[in-house]
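# Architecture and fold: a report
Read off the chains here:
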Amino acid sequence: MYTLPKIERFNQNVLSKYQVYNSVFLTLPFASIDNTGVLLPLFSEVCEKGFKKQETPIQIVDFFSNKYLDNTSEWDRVDLLFRFIQYIERQIVLFDAIEDAAFAIVNNLEGKGSLRDIKENAEDKDKLDDLRSFLASFKVRPVLTAHPTQFYPGAVLGIITDLTEAIRIDDLVNIKKLLSQLGKTPFIKQQKPSPYDEAVSLIWYLENVFYETSGEILSYVQKNIFNNDSIQNPIFDLGFWPGGDRDGNPFVTTEITLNVADRLRTSILKCYYKDIRKLKRKLTFSKVDELLADLESKIYRSVFYSVGDIYLSLNELESQLQKIKILIIEEHQSLYLDELNTLINKVKLFGFHFSTLDIRQNSKIHEQIFAEIYPTSITGSESEILDSIASIKGKLNPDDFSDEMTRATLSSIYAMKTIQSKNGEKASNRYIISNCDSATQVLQAFALIRQCDWDQPTVDVVPLFEVIDDFQNAACIMEQLYNCTEYVNHLKRRGNQQTVMLGFSDGTKDGGYLMANWSIYKAKEQITTISRKYGIKVIFFDGRGGPPARGGGKTHKFYASLGSSIENQEIQVTVQGQTISSNFGTLDSCRYNLENLLSAGATNQVFAEKQASLTSDEKSILDELAVVGFEKYSNFKKHPKFIPYLEQMSTLNYYAKTNIGSRPAKRKNSETLNFSELRAIPFVGSWSQLKQNVPGFFGVGTALKHFEDSNQWDKVQNLFDTSLFFKTLLENSMMSLAKSFFPLTAYMKDDPEFGEFWLIIYNEFLETKRLLLKIAGHKELMENYPDGKASIVVRENIVKPLLTVQQYALSRIHQLNQESKPDEKLIQVYQKLVTRSLFGNTNASRNSA
């Protein structure tokens, strides 16, 4: 029997099931749900027809009210709109659960990009030794961050997990119970979570998904590729930011950092304890049972009896497991050896730290601290100043300083030492400097670390370059560091490795889609060249978000497209909010995406038929595209209505009211909106709520048209046909277009203040769409990803009424504010309606912010 095409598998296992289970909502015994469930499809139909007739959201809602509601007051109408939002939120949860349940069917887990595919490909091409060599050194590091792009509270995530399992086995009785539970479970948080709360939420994924999946992948590699030989390289490293990311978050304290590290250790010990309990039921053999019982007892006491005390070391745990392995092989015919190897691999991978807790702080904070500690400037040539800063060491006491930020920053470094002493070096050994634009800033952080009584710190200092100018200067900055004797000595102690982080989110916000992505590519090439010149192995850490505008989309294809001119021995990438739950939220999706990242590395290093690096002519084309796109985007940002449009016509000012994250929406608590201080998430998310997705396409159409108008279209066409990097870049932009819906805001074209500005956006959208379809040879966007397109269509249709409500509420707020005596109470209710509408749209998009 042949396997159905992916789109047919989607239709059968996702779309059909959604239609069936969605009808179950109508049978739930809740007050007014029946009325809401009947009226919502009618409202959806009115929205659909209304937008086709170019009606405004106010006209659409008014028409619906006049036709289907009996002389209701405005307050009754608003109450119904709130119920629509609540209903839609639960429809989205249902669709999420159905997609998760069908993931393994729709996405072939043994197909292209899987470990099995890699292995069989290596065997066919007689490259198994090359694959073993690759896996002996290559690593993937997903770094979980608490960036606020996930609106589901923990209770709802738990329901999604249970609902997914019930749907997978078509347990209708349990599905009805879970949908009933969903109807009674709040979707909003009354208070902002603390950084510790955020950490606990993400540790759930470590315990329930990454722990199992990573261990199983490692065991598969050991058994099927390394023929059961021990693997020294654990392949995966997990990173963790909640509780350690201090950049712009005043709520991250030293106490929280230490508590999160303790929680990570306790969590991994609990995981080991559960596995040992399972093994005890199987390894009931003489001698073996005694060793297992001893481990079980010590771990239990470490987790449940003590406060911070550990009754066995990591070395002792590893040694005892090896003794058990030898006994099983020599005396018990290797019975249950696979299960034991899986636990041994997990211990090798997760240690007592579970995930590395990164510490991050803004470079400008370090400059302020340095100015306080050293009020007299260091003089000399630039290289002499750098050498002087790098040579500073000592023992600063945080309590000796009056400035709170100085005390907190120094305390965070001392916390790293404490965490390492308790959980091992890997527990917290990276200090990230955000907004970095000079070698001085790197060495200031390095000096501060050394002055915390840490002459030879077991810490990697990681510069994070985030804007276009910094991408272009990054290689020069790194060369300055490589010429600094004290810093080079530090790198030698760290294995001659240097991690460099590059921020896609702020890069796109700063320079537009084409310029940001191309500048990062070039920065990686230049940093690789400089690093190789000085004998340093550079590791790139990508700060990516969910949508293409923040470096998301088909991420694995970007890594597969890198040539030998970019160091690619590790893939390190941030995973945020929605992307955690959508790409790594289940065992199946986690395995699929981790294996795809491994496959991307193998494609680039093991199976590359030719050099994937771009030629000089191809780079010239990309340079020209980026410059034209950058000029278009820069002029757009300079438009006098740019900031007012975001403030008055989008949901930007409502993000801070959602209580989904501990971090403020702006880096500084200023009254006026300073674009440079605005965080990328609310910036990108606000465009997404408008269904305009500007950061994911603006400037692309203008850049392509430049080549069309100058009779050079064949150049970009050939580049698209031959370069996986360029093709992936444009295909991800197509995804941004596919998630746009301009009829929603078409009423703005008639606005006396913002009409012209809206048309600028819309015209660029039309031009980008026309030329992307032309270069891809398609009639429709995402034509080559029919299942992905189908999922987007369903999700967009679910939230269309919700977005209509959002725009209706924003319009009513504008109308009320223009009245001589605005009804403040009604305005506040509409503001709540806008805030509440943010949730469902963001969750439905899965990678909108």
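Residues numbered from 1 in each chain as written. Predicted model: local features only at pLDDT ≥ 70, side-chain atom pairs only at ≥ 80, totals over all residues. Heavy atoms only, no water.

## A closer look at a nonpolar patch on the surface
Residues Tyr300, Phe304 and Tyr305 make up a contiguous nonpolar surface patch of about 350 Å² in total accessible area. You can see Tyr305 is positioned in helix H12 (residues 288-305). (Patch = residues over 30% accessible without salt bridge, like charges linked within 9 Å, V, L, I, M, F, W, Y side chains within 5 Å. Areas by Shrake-Rupley, 256 points an atom, 1.4 Å probe, with all protein chains shown as cover. Salt bridge = Lys/Arg side-chain N within 4 Å of Asp/Glu carboxyl O. Helix = DSSP H or I, 4+ residues; strand = E, 2+ residues; numbered from the N terminus.)

## Looking at the pairing of strand E1 (residues 139-145)
For E1, a buried count of seven out of seven residues is recorded, marking the element as mostly surrounded by other parts of the structure. Where E1 meets strand E9 (residues 570-576), seven bridges bridge the pair, whose relative direction is parallel. In the strand pairing of E9, Thr145 is matched with Gln576. Pairing between E1 and strand E2 (residues 239-240): two bridges, direction parallel. Bridged to Leu144 within E2 is Phe240. (Buried < 20%, exposed > 50% of the residue type's maximum accessible area, 1.4 Å probe, protein only. Pairing = 2+ DSSP bridges.)

## Comments concerning the pairing of strand E6 (residues 460-465)
Counting buried residues in E6 gives six out of six residues, a clear majority hidden from the surface. Neither face of E6 is exposed, since Asp460, Val462 and Leu464 on one face and Val461, Pro463 and Phe465 on the opposite face are all buried. As a crossover connection, the stretch from strand E5 (residues 430-434) through helix H18 (residues 439-450) into E6 is right-handed. (Right-handed = clockwise from strand over helix to strand, strands pointing away.)

## Details of helix H17 (residues 404-423)
Each full turn of the α-helix corresponds to 3.6 residues, which orients residues three or four apart in the same direction. For H17, with 20 residues, the first-to-last C-alpha span of 28 Å sits near the 28 Å given by 1.5 Å per residue. Within the sequence span of H17, burial applies to Thr406, Ala408, Thr409, Leu410, Ser411, Ser412, Ile413, Ala415, Met416, Ile419, Gln420 and Asn423. In this structure, the buried residues of H17 make contact with helix H11 (254-280), strand E3 (356-357), strand E4 (359-362), helix H15 (363-373), E5 and H18. Looking at where H17 begins, the residue whose side-chain oxygen comes 3.3 Å from the main-chain nitrogen of Met405 is Asp403. (Expected span 1.5 Å × (residues − 1). Contact = heavy atoms within 4.5 Å. Polar contact = N/O pair within 3.5 Å; in protein donor to acceptor, adjacent residues only side chain to side chain.)

## So, the packing of aromatic side chains
Scanning all chains against the criterion turns up 43 aromatic pairs. Ring geometry for Trp518 and Tyr521: centres 5.3 Å apart, planes at 20 degrees, overall stacked. Of this pair, Trp518 and Tyr521 are both found in helix H22 (residues 513-533), three residues apart, which corresponds to roughly one turn of the helix. Per residue, the accessibility class of Trp518 equals that of Tyr521, and both read buried. Its end group placed over the ring of Phe541, Arg430 keeps NZ or CZ at 4.7 Å from the ring centre. The ring of Phe504 carries the charged tip of Arg544 above its face, separated from the ring centre by 3.9 Å. (Phe/Tyr/Trp six-rings, centres within 6.5 Å; stacked < 30°, edge-to-face > 60°. Lys NZ or Arg CZ within 6 Å of the ring centre and 35° of its normal.)

## A look at the pattern of salt bridges
For the coordinates displayed, the defined rule picks out 57 salt bridges. The closest approach of N and O atoms between Glu99 and Arg795, which form a salt bridge, is 2.8 Å. Residue Glu99 is found in helix H4 (residues 74-101), and its partner Arg795 is found in helix H33 (residues 786-817); the two are separated by 696 residues along the sequence. Here Glu99 falls in the buried class, since its relative accessible area comes to 15%. In this structure, Asp237 engages Lys426 in a salt bridge whose closest nitrogen and oxygen atoms are separated by 2.8 Å.

Worth remembering: the numbers are spatial, not functional.
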